[in-house]
Amino acid sequence: MLKPVTTDIEALKILDERLRWLSAWTIHHANHIRENRDGLKVGGHQASCASMTAIMATLYFHALGPNDRVAVKPHAGPVLHAIHYLLGSQSREALENFRGLGGAQSYPSRTKDRIPVDFSTGSVGLGVAVTLFASLVQDYLTAHGWMDDSDRGRFVALIGDAELDEGNIYEAIIEGVKHDVKNLWWIVDYNRQSLDATSADRMFERFDEIFRSCGWRVVELRYGKKLSRTLDGNKALKDWFERLSNAELSALHYQGGAAWRSRIEAELGNAAATFLKSYNDDALASLFTDLGGHCMETLVEAFDAADDDVPTLFIAWTIKGFGLPFAGHKDNHAGLMNPTQMAALRESMDVREGREWESLESVGENARPGVEALIERSRVAREKRSRAFGQVAVPAIPAPSGDEQSTQAAFGRILLDLSKAGGDLADRIVTTSPDVTVSTNLGAWVNQRGLFRRSEMPDIFAQAKIASAQKWAASNEGQHIELGIAESNLFLMLAAAGLSGDLFGERLFPIGTLYDPFIARGLDALNYACYQDARFLLVATPSGITLGPEGGAHQSINPPLIALGQPGLRHYEPAYADELAAMMEEGFRLIDDPAGESTYLRLSTRSIRQVERADDGWREGALSGGYWLREPAPNAEAAIVAMGAVMPEALAAWDELSEDIPGLGLLAVTSPDLLHRGWTVAQAARWGGQRKPSHVEQLLSRLPPSAGLVTIADAAPASLSWLGGVLGQRVAPLGVEKFGQTGSLADLYATYRLDGDAITKAVAELLLPA
Ligand SMILES: Cc1ncc(C[n+]2csc(CCOP(=O)(O)OP(=O)(O)O)c2C)c(N)n1
Ligand SMILES: [Mg+2]
C-alpha cells in the first residue's frame, strides 16, 4: 500500500531543525533584541511554531506540488516565513522586522506579506474552511473550461487542534459533502494544547468519527517509527501510555526523562524494569517525544500514500514547543524563551553567535549538498502570483423599466436581462445563496443559468410535470452554487470565488444573496473575505422594518453601521431601479479593478414609484454616495436627507413642507459609507496640502451653515446623523433604534417615526427656537 520513502529523510530532519531555529529566533529577535520603543510586548508563538516544523518541512520540501495552496495555522506564521527565507523568497530584513511596520506579519497575510501567502489566517477556523470552498471553486473552473484538469491543485489547511472547536469547520464539511469536494488535505497539529491549557480529553476520539461520517479519510499519525516499534513490543507500556490524559502527557513531556521513569516505575513496577534499564533519562524523554508529527519517515509515508483526491484529515500527534525548554507546559502558548534559554538552544543546535540569521548555519559540509538540493527541488511558488484583473469588459447595465419597482425585484430583472443578453460578464457571474435563492429574487437567473453540480441532478418536479416557477436542475455547466443555510459558508464561498483571479488566474464575478439581518451571522467570515481582498457583490434583501409583516426577527437595523466600519466593502443603498443598475455596473467594475473592492447592496422588497429624471446628472452623485433629488436654494433653512426605501415618505414630506419652507432640499443618500470615507480622505489630503473638498462637503455646502438636516433611513439613525459633523449643521436624526415587530408599513412607519409626520415634526423642531 505505502510507497517507498523516496526523499532524503536526513535532509528533511535538518530542515525541520532549521525551521525550528529560525522561527524561534525571528520571534526572539523581535522581542528581545530589536529596539522596543513603546514598551509593548511584541509577542509571537515559539511553541506553536515548534509544534509544526516537521510537518511543514515535509510538506514544503517534499509533498507540495506547484498548484497546491496552503492555509497555514496563524500561529505558525514565522515557520512559513522561515521556509521562504530558506527558499530565498523572504528577506532577512522582513524577518528582523517581524511584527514591525512593513515587516513579516504576525499571521500570514495575502495582502501584507511579501511572500506568496495563499490564504490569510488569524481568526481560527476560517482559514481551514476557506480551503474547502477554494477546492469547490477549482471544480467550478475546471467544469466550465476556465481551467485545465491537469492544473488542478490540492488545498491544504494546517490546523491547530483547538481550532477544531470552531463550528464553522463543521458547517463547511457538511456543505462539502453535498458538493462532493475533493483535493483537500487538512493536517491537524495534534499537540492537545489550546491557548489556556491542555485540551479536553472527552473530545479525543470524536473528531475522526465526525470527519469519517462526512466522507473523509482520516489518517492518524500517532507514533513516530522509533516509539511505535518500542510500544509494539511492549503491550503493558503501550496500554499505559495510551491511557495518559492530555494533561498528564503534556506534563510528562515538560518534566522530562526522570519524571517518565518514576511514573513508569510507580505504575508498571517490575513489568517495566528491563525496558527502563535500557534507557537513560535523556533517551527516555527523547523516545516519548517521537510522535507521528515529529517523525519524518512517518510524515513522508503518510503524505506519499494519500496520492488520490479523497479529502483527507491527518491527525498528526505533536508536542507543543517540541525541542524547546517549555515543551508540553500548559502555559506555553504565548511563552517566549528568555535570553539564557535562547542561548542554550543556540548552542544545542550548533548555531554560532553572530550567525543566527545564516539560513544553513550548523548544517555540516557533508549534509549541505543534500539539503541545498532538497530546497532547490521544492515545487512551491517562490514569488507572489500576479493578480488577474481587467480580463473582462463590463457592459453598461440599463435600468429595468417600470413605474413602480422594488430594488429587490429590479435586482432579479437586471440579472435576468444580463443572462439573456449573454456575454463574457454573464458567463463569469457565479451566484450563490444560503437557501434563500428564490426569496432574494435570484430565481429567474437560476432558471436561465442552472445550478452547478459536478454530477447531473435532474429536476424531479419538472420531470413529473408538476407546475413550478422555479427550475431546480443541476449540471456542471450551472452558474448558481446552492448552499445550505449557513451564512458563514456563504461568506467563505464568496471569499474563495472572489479570489479566483488570484488563486487560479481566472476572474469570476461572485454574487451572494441573503437576508440583511443575517449578515451578522457570518460577520467574521465576511470580514475575513474582505481582509484577503476577495471581490464580490453581496446583495442583502429584504432589509429594515420595511419588510413589514415579516416582523422583528427578520428586520435589520445595524448593517449600514457594520458596512460603515468594514474596510474593503462598499455599501450602496439605492432607492430606485436606475440607481441600482448603475451600482451593479460599478460593483462589477470594482471586482475587476486592481484598486477596487467588494460591494454590499442593501435592497428592499417595497415597490415604490420611480422618479422622473430630466438627465443623467444624478448618476455620478449616486455612485459617490448621494445627490440632490430636490435641489436646495442657497439660503435654504433646512433639508431632508433620506436613504433607500423610505424615499417616498421623504418626497411626500418635501412636497408638503416646501410650501412653507422655500428652498427646502431633499438629499438622496446612496452610500453613507462612501460619503464618510470621502470626508476623511479629503481631510488627510488637506494635511498633505491638497484642498479639494469631498463629495459630502460639496453636497452640504449648498446649504448655509445655519441650516438644519432631518436625516431618515430604515436603519440605525447613526448611519446618517454624523452628517451634521461635516460642516457643523444641526441634525434631527430619524431611524430605527428598537427591535421591529409585525405590522403594516403605515403602522410600522408611524410607530418607528419613519413617516411624514415625524419628518414634519423634526423639521419644525430644527426651525423653531427652543
Ligand atoms: C476566532 C478566534 N478566537 C480566538 C483566537 C485566539 N486564539 C489564538 S490561538 C488559540 C488557540 C490555539 O490552539 P491550537 O489551535 O491548538 O493551536 P496551537 O496549539 O498549535 O497553538 C486561540 C484561542 C483566535 N485567533 N481566533
Ligand atoms: Mg493545540
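Look a little higher up for the structure.
Residues numbered from 1 in each chain as written. Chains lettered and ligands numbered in written order. Predicted model: local features only at pLDDT ≥ 70, side-chain atom pairs only at ≥ 80, totals over all residues. Heavy atoms only, no water.

Moving on to the sheet that holds strand 16 (residues 626-630). Pairing in this open sheet of 5 strands is mixed, and the strands run 16-18-17-19-20 from one edge to the other. Only two strands of the sheet have a single partner each, and these edge strands are strand 16 and strand 20 (730-734). On average, each strand axis in the sheet is tilted by 25° relative to the strand beside it, whichever way the strands run. Relative to strand 19 (residues 708-713), strand 17 (residues 638-643) is paired through 6 bridges, and the arrangement is parallel. Considered in strand 19, the bridge of Ala639 is made with Leu709. (Pairing = 2+ DSSP bridges. Helix = DSSP H or I, 4+ residues; strand = E, 2+ residues; numbered from the N terminus. Axes fitted to C-alpha atoms, helices over the stretch in contact; angles between N-to-C directions.)

Here we take up the side chain of Ser109. Looking at the secondary structure, you find Ser109 in the loop between helix 5 (92-96) and helix 6 (126-143). For Ser109, the side chain forms a polar contact with the main-chain nitrogen of Lys112, separated by 3.0 Å. (Polar contact = N/O pair within 3.5 Å; in protein donor to acceptor, adjacent residues only side chain to side chain.)

Together, Ile460, Phe461 and Ile466 make up a nonpolar patch on the protein surface, roughly 320 Å² of accessible area in all. Mapped onto the elements of the fold, Ile460 is located in helix 21 (residues 460-463). We classify Ile460 as exposed; its relative accessible area is 55%. (Patch = residues over 30% accessible without salt bridge, like charges linked within 9 Å, V, L, I, M, F, W, Y side chains within 5 Å. Areas by Shrake-Rupley, 256 points an atom, 1.4 Å probe, with all protein chains shown as cover. Salt bridge = Lys/Arg side-chain N within 4 Å of Asp/Glu carboxyl O. Buried < 20%, exposed > 50% of the residue type's maximum accessible area, 1.4 Å probe, protein only.)

This part is about the nonpolar core. One finds Trp186, Phe211, Phe241 and Leu538 to be the most contacted residues of the largest nonpolar core, which totals 88 residues. Among all residues touching Phe211, those that are not within four sequence positions of it are Leu164, Ile169, Tyr170, Ile173, Trp186, Trp216, Val218 and Leu313. One finds Val539, Phe588, Ala650 and Ala762 within the second-largest nonpolar core, a separate group that totals 70 residues. (Core = buried A, V, L, I, M, F, W, Y, C linked by side-chain atoms within 4.5 Å. Contact = heavy atoms within 4.5 Å.)

Glancing now at empty space enclosed by the protein. The final tally for this structure, using the stated rule, is 5 cavities of 30 Å³ or more. Along its surface, the largest cavity is lined by 18 residues, and Tyr60, Val70, His84, Pro116 and Asp118 are the ones closest to its centre. Class assignment for the residues of the lining of the largest cavity results in 12 nonpolar, 2 polar and 4 charged. In terms of residue class, the lining of the second largest cavity is made up of 2 nonpolar, 5 polar and 3 charged. (1 Å grid on protein atoms, 1.4 Å probe; cavity = no way out; pocket = protein on both sides within 12 Å on 5 of 7 lines; lining within 4 Å. Points joined across faces, edges and corners; volume = space filled by probe spheres on them. Nonpolar A, V, L, I, M, F, W, Y, C, P; charged D, E, K, R; others polar.)

Space inside the largest pocket adds up to approximately 800 Å³. Arg20, Ser286, Thr289, Phe322 and Gly323 are, among the 33 residues lining the largest pocket, the residues nearest its centre. Within the residue set of the lining of the largest pocket, elements represented by two or more residues are helix 1 (9-33), helix 9 (225-232), helix 11 (246-255), helix 12 (257-268), helix 14 (281-288), helix 15 (296-305) and helix 16 (339-348). Reported here for the second largest pocket is a volume of approximately 390 Å³. Gly617, Trp618, Tyr627, Trp628 and Glu631 are, among the 18 residues lining the second largest pocket, the residues nearest its centre. Every element with two or more residues in the lining of the second largest pocket is listed here: helix 27 (617-624), strand 16 and helix 30 (695-700).

The subject of this paragraph is the coordination of the magnesium ion (ligand 2). Taken together, the protein ligands of the magnesium ion (ligand 2) are Asp161 (OD), Asn191 (OD1) and Gln193 (O), with distances of 2.0 to 2.1 Å. One chain supplies every donor to the magnesium ion (ligand 2), and in sequence these donors are spaced D-x29-N-x1-Q. Residue Asp161 is found in the loop between strand 2 (155-160) and helix 7 (167-179), and its partner Gln193 is found in the loop between strand 3 (184-190) and helix 8 (206-213); the two are separated by 32 residues along the sequence. Residue Asp161 is classed as buried on the basis of its relative accessible area of 6%. (Donors = N, O, S within 2.8 Å, 3.2 Å for Na, K, Ca; no water.)

Turning to the sheet that holds strand 4 (residues 217-221), a few remarks are in order. With parallel pairing, the 5 strands of this open sheet are ordered in space as 1-2-3-5-4. A single partner strand is all that each edge strand has here, and the edge strands are strand 1 (69-71) and strand 4. Sheet twist, expressed as the average angle between the axes of neighbouring strands with direction ignored, equals 15°. Taken together, the 6 bridges between strand 2 and strand 3 define a ladder with parallel strand orientation. Within the sheet, the bridge partner assigned to Ile159 lies in strand 3 and is Val188.

In this section: the site of ligand 1. Near ligand 1 you find 18 residues, and of these Ser48, Lys73, Asp161, Gln193 and Lys320 are the closest. Within the contact set of ligand 1, a nitrogen atom lies 3.1 Å away from a backbone nitrogen or oxygen of Val124. Residues that form the shell around ligand 1 fall into these classes: 3 nonpolar, 9 polar and 6 charged. (Near = heavy atom within 4 Å.)

To continue, consider the packing of helix 22 (residues 487-497) against helix 24 (residues 523-531). Two elements in contact, helix 22 and helix 24, have axes separated by 8 Å at closest approach and are oriented at 10°. Comparing the axis directions of helix 22 and helix 24 gives the class roughly parallel. On helix 24, the residues that touch Ser488, Phe491, Leu492 and Ala495 of helix 22 are Ala525, Leu526, Tyr528 and Ala529. (Parallel < 35°, antiparallel > 145°, perpendicular 65-115°, else oblique.)

What follows concerns the pairing of strand 5 (residues 312-317). Of all 6 residues in strand 5, 6 are buried; the element is thus mostly enclosed. As defined by bridge partners, strand 3 adjoins strand 5 across 6 bridges and the pair is classed as parallel. By the bridge assignment, Val188 is partnered in strand 5 with Ile315. In this structure, strand 4 lies alongside strand 5, joined through 5 bridges in parallel fashion. Residue pairing in the sheet places Val219 in a bridge with Phe314 of strand 5.

Taken by themselves, the reported measurements are silent on function.
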